[in-house]
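Architecture and fold: a report
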Amino acid sequence: MTYLYAVFLGLVQGLAEFLPVSSSGHLAILQNFLGLNEPMLFFDVMLHVGTLFAVLVFFRSEIAGVALAAAGRAPGAPGAWPASVADGRKIILLILIASVPAGAVGLVFGDAVESAFGSVAVVGGLLLVTGAFLLAADAKTRRDSGSGSSAAMMGVAGAFIIGAAQAVALLPGISRSGATICAAIFIGVARRDAARFSFLMAIPAIAGAAVLHMKDVSDAGFPPMGPILAGSAVAFISGLIALKWLISTLTRGRLLWFSIYCFAVGTAAIIISQILPSR
């Protein structure tokens, strides 16, 4: 593996993992059209570790607030999130509930999900679905003028709906961040809280995927670490940039631009898949 290849995949992973445009969909399209081989297992794990650290750094104050709440300590400053010990403990419970559907679907339908990566037309169609989700969420935020409730105010049913959206996002072309943020907005969660909850949900999801893959790493072997560390570092840095961009865009209520992008890429993928053979 060359440094250029590692840096390129790290950039794609870091940007598309958090922007609501589906990192798995982009990688599937690149692999099929450009003949790129799927990254080695250990490299794939390290890219996820890079994006996981991006979440931990970007949302460090929210994570600290939830951790303090779990320990029974009140928030340290006015305006802190979560607002109280009770809210923090409820958010932890809701995250655990929301994590169940994706875990169950992955265990039961893992092979079927993997097969979807082989069809560019399917990935393109699912990108159109992501675009439709984002368009509908954008319309709702404009209609509601960005109002909404705290994530701690939603019930078990709301958490399960968001978790179901994350389960659907196992399919390549359905954005995890897009699906979960949109689902939260649809059930009345404020945009900023929707993003907070979505990315706190990402911590067990990304960490779990890395741990599951690590058990197979010893069998696959450890490749040279230089390119791998470079790719992981780029995934971390580009992930931080993507998170800042998304939160800024979401706060301004401009999910429309991501919707247009998904429509464009999805349509192009479907058209090109009918013209050029995949590799």
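What counts as what
Residues numbered from 1 in each chain as written. Predicted model: local features only at pLDDT ≥ 70, side-chain atom pairs only at ≥ 80, totals over all residues. Heavy atoms only, no water. Core = buried A, V, L, I, M, F, W, Y, C linked by side-chain atoms within 4.5 Å. Buried < 20%, exposed > 50% of the residue type's maximum accessible area, 1.4 Å probe, protein only. Helix = DSSP H or I, 4+ residues; strand = E, 2+ residues; numbered from the N terminus. Contact = heavy atoms within 4.5 Å. Salt bridge = Lys/Arg side-chain N within 4 Å of Asp/Glu carboxyl O. Expected span 1.5 Å × (residues − 1). Phe/Tyr/Trp six-rings, centres within 6.5 Å; stacked < 30°, edge-to-face > 60°.

**Re the nonpolar core**
Within soluble globular proteins, side chains that are nonpolar tend to cluster in buried spots. By size, the foremost hydrophobic cluster in this structure holds 58 residues, and its most contacted members are Phe18, Ile29, Ile181, Phe197 and Phe199. With 9 residues, the top contributor of residues to this core is helix α9 (residues 191-220). With residues near it in sequence (within four places) discarded, Phe197 still touches Ile91, Leu94, Ile95, Ala98, Ala151, Met154 and Ile162. Among the nonpolar cores identified, the runner-up in size contains 11 residues, and Leu9, Leu30, Phe43 and Ala235 belong to it.

**So, the pattern of salt bridges**
The final tally for this structure, using the stated rule, is 4 salt bridges. With a shortest N-O distance of 3.9 Å, Glu62 and Arg192 are connected by a salt bridge. In this pair, Glu62 sits in helix α4 (residues 60-70) while Arg192 sits in helix α9, placing the two residues 130 residues apart along the sequence. The exposure class assigned to Arg192 is partly exposed, which follows from its relative accessible area of 34%. Close ionic contact of Arg196 with Glu62 constitutes a salt bridge, the shortest N to O distance being 3.2 Å. Here Arg196 is found in helix α9, whereas its partner Glu62 is found in helix α4, with 134 residues between them in sequence. Judged by relative accessible area, which is 15%, Arg196 ranks as buried. Each of Glu62, Arg192, Asp193 and Arg196 takes part in one network of salt bridges that share partners.

**Some thoughts on helix α1 (residues 3-18)**
Between the first and last C-alpha of α1 there are 23 Å, a value that for 16 residues agrees with the 22 Å anticipated at 1.5 Å per step. Inspection of α1 places Ala6, Leu9, Gly10, Val12, Gln13, Gly14, Ala16, Glu17 and Phe18 among the buried residues, and these make up the whole buried set.

**Examining the environment of Ala230**
Among the structural elements, Ala230 can be located in helix α10 (residues 225-251). Taking the C-alpha atoms as reference points, Ala230 and Tyr3, 227 residues apart in sequence, are found 7.1 Å from one another. Setting aside residues up to four positions removed in sequence, Ala230 forms contacts with Tyr3 and Val7.

**Regarding the environment of Ala194**
Assignment of secondary structure puts Ala194 in helix α9. Here the alpha-carbon distance between Ala194 and Ala151, two residues 43 residues apart in the chain, equals 6.7 Å.

**Observations concerning the packing of aromatic side chains**
The final tally for this structure, using the stated rule, is 4 aromatic pairs. Pairing Phe58 with Phe59 gives two aromatic rings, centres 5.0 Å apart and planes at 70°, and the pair type is edge-to-face. When its relative accessible area of 1% is taken as the criterion, Phe59 is described as buried. Clustering of aromatic rings is evident, with ring pairs tying together Phe18, Phe58, Phe59 and Phe199.

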